[in-house]
Amino acid sequence: MRQTNTLKLTVTALLTAIAITIPMVMPIRVLIEPASFTLASHVPIFFAMFFSPAIAVAVSLGSAVGFLLAGFPIVVTMRAMSHVVFALIGALYLKGRREDVLSSPLKSQLFSFSIAIVHALAEVLVVSVFFFGLVSGADYQDGFFYAVFLLVGVGTVIHSMVDFFLAQLIWKSLGRRMTQMAQKV
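Residues numbered from 1 in each chain as written. Predicted model: local features only at pLDDT ≥ 70, side-chain atom pairs only at ≥ 80, totals over all residues. Heavy atoms only, no water.

## Considerations on the overall build of the protein chain
Here's step 1: Within the protein chain, the regular secondary structure consists of 9 helices and 2 strands.
Here's step 2: Each helix and strand of the protein chain, placed in order from N terminus to C terminus, yields the pattern α-β-β-α-α-α-α-α-α-α-α.
Here's step 3: Taking the principal axes of its C-alpha atoms as reference, the protein chain extends roughly 50 × 35 × 30 Å.
Here's step 4: The 185 residues of the protein chain split such that 46% are buried. (Helix = DSSP H or I, 4+ residues; strand = E, 2+ residues; numbered from the N terminus. Buried < 20%, exposed > 50% of the residue type's maximum accessible area, 1.4 Å probe, protein only.)

Dropping the structure here:
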């Protein structure tokens, strides 16, 4: 096995472990079904996006496992599973552009907002399937606009952008070491 493969596997395993652990231990979380907001739950996914599409997909799947193991409702776990969509799209976009996007405040905010919209659309689609009874496992008393559009849609955009900011802050604070590691992966 080459050093690059070992490094890629190690980075993937560490980020996946963090993604699984965060929903289980993070004390700052809000659950207003169908929405849930666990601070920093997307940070490992964004970090993985900064490395590669394959790592982003693996870490996203690990995050969903973390929400399942933490005992969240099935709709929340399925929302976590939908993170594969935004993680893959974002990682594909960042491939070859990471430094350009992360070094520019304007480009990073535009990327953060754009990927947050994709993130929210995927989660709204998942929750809509439950809301309209196409899949059992959830019963909502609130209207679609409040429960799905506002709580999940708008809430996800805000949550995603906050977590992207945290991931970018950590990435930048680690400096050239992260850039060098990402180039090796």
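## Comments concerning helix H3 (residues 53-69)
Here's step 1: Compared with an ideal rise of 1.5 Å per residue, which puts 17 residues at 24 Å, H3 spans 25 Å between its outermost C-alpha atoms and is within 8% of the ideal.
Here's step 2: Among the residues of H3, Pro53, Ile55, Ala56, Val59, Ser60, Gly62, Ser63, Ala64, Gly66 and Phe67 are the ones counted as buried.
Here's step 3: Where H3 terminates, the next one or two residues include Gly71, which has phi positive at roughly 85°. (Expected span 1.5 Å × (residues − 1).)

## Here we look at empty space enclosed by the protein
Here's step 1: Applying the stated rule across the entire model yields 1 cavity of 30 Å³ or more.
Here's step 2: Size it by volume and the largest cavity reaches roughly 90 Å³.
Here's step 3: Around the largest cavity, the lining comprises 13 residues; the ones closest to its centre are Ser36, His42, Arg79, His83 and Glu123.
Here's step 4: Secondary-structure elements contributing two or more residues to the lining of the largest cavity are strand S2 (35-38), helix H4 (74-81), helix H7 (105-131) and helix H8 (144-174).
Here's step 5: With 3 residues, the top contributor of residues to the lining of the largest cavity is H4.
Here's step 6: Tallied by class, the residues present in the lining of the largest cavity amount to 3 nonpolar, 8 polar and 2 charged. (1 Å grid on protein atoms, 1.4 Å probe; cavity = no way out; pocket = protein on both sides within 12 Å on 5 of 7 lines; lining within 4 Å. Points joined across faces, edges and corners; volume = space filled by probe spheres on them. Nonpolar A, V, L, I, M, F, W, Y, C, P; charged D, E, K, R; others polar.)

## A look at the layout of surface pockets
Here's step 1: Roughly 190 Å³ of internal volume is contained in the largest pocket.
Here's step 2: In terms of lining, the largest pocket is formed by 14 residues, of which the most central are Phe50, Phe51, Lys95, Gly96 and Arg98.
Here's step 3: Looking at the lining of the largest pocket, the elements that each hand over two or more residues are helix H2 (43-51), H3, helix H5 (83-94) and helix H6 (98-103).
Here's step 4: For the lining of the largest pocket, the leading source of residues is H2, giving 3 residues.
Here's step 5: Here the residues of the lining of the largest pocket are counted per class, giving 7 nonpolar, 2 polar and 5 charged.

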